[in-house]
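Tertiary structure, described
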Amino acid sequence: VRAAIRLGEVRGVCLAAAARAGVPVHSYAARRVKKAVVGFGAAGKGQVQGMVQALLSLPDPPPAPDAADALALGITFFQDKQWSERAEGLDRRK
């Protein structure tokens, strides 16, 4: 319980600092990230590590699941950005 409270506090400080600096923040649910990277929202840590390795053409999977999770968040953000840009392009054609 203490770890969860600490994590919430740290997250709050980070969000406040980003807002103060004008830095946009994106938040994704774990299932959303797994769906974006693996194609299955209930994927396991090993599956995420393997797909991160494949998507980024890494020689080995990230050794730590937390590192794979961080890279998976970046992949999810990039995919969302691509889809947003495509949708904006379609809107301009009308």
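Source: prediction; values computed, not measured.

Focus on the nonpolar core
Listed in full, the 6 residues of the largest apolar core are V33, V37, V48, V52, A72 and I75. At the level of elements, α2 (30-37), α3 (45-55) and α4 (65-93) are the ones that each hand at least two residues to this core. Beyond its immediate chain neighbours, meaning those up to four positions away, V48 contacts K34, V37, V38, A68, D69 and A72.

Some words on helix α1 (residues 2-21)
Taking 1.5 Å as the rise per residue, α1 with 20 residues should run 28 Å; its terminal C-alpha atoms sit 29 Å apart, in good agreement. Along α1, only 1 of the 20 residues are buried, which leaves the element largely exposed.

Considering α3
All of the buried residues in α3 are V48, Q49 and V52. Taken end-on, α3 shows its buried residues confined to a sector of 100°, consistent with a single buried face. Residues G46 and A54 are exposed on α3 and point more than 90 degrees away from its buried face. Among the residues trailing α3, S57 stands out with phi positive, at a value near 55°.

Notes on the side chain of Q49
Relative to the helices and strands, Q49 is located in helix α3. A residue is classified by how much of its surface remains accessible, and Q49, at 14% relative accessible area, is buried. Among the polar contacts made by the side chain of Q49, one reaches the main-chain carbonyl oxygen of P62 at a distance of 2.7 Å. If we skip the residues at most four places from it in the chain, Q49 touches P61, P62, P63, A64, P65 and A68.

Each value, and the rule that gives it
Residues numbered from 1 in each chain as written. Predicted model: local features only at pLDDT ≥ 70, side-chain atom pairs only at ≥ 80, totals over all residues. Heavy atoms only, no water. Core = buried A, V, L, I, M, F, W, Y, C linked by side-chain atoms within 4.5 Å. Buried < 20%, exposed > 50% of the residue type's maximum accessible area, 1.4 Å probe, protein only. Helix = DSSP H or I, 4+ residues; strand = E, 2+ residues; numbered from the N terminus. Contact = heavy atoms within 4.5 Å. Expected span 1.5 Å × (residues − 1). Arc of directions from axis to C-beta. Polar contact = N/O pair within 3.5 Å; in protein donor to acceptor, adjacent residues only side chain to side chain.

Nothing here speaks to function; it is geometry throughout.
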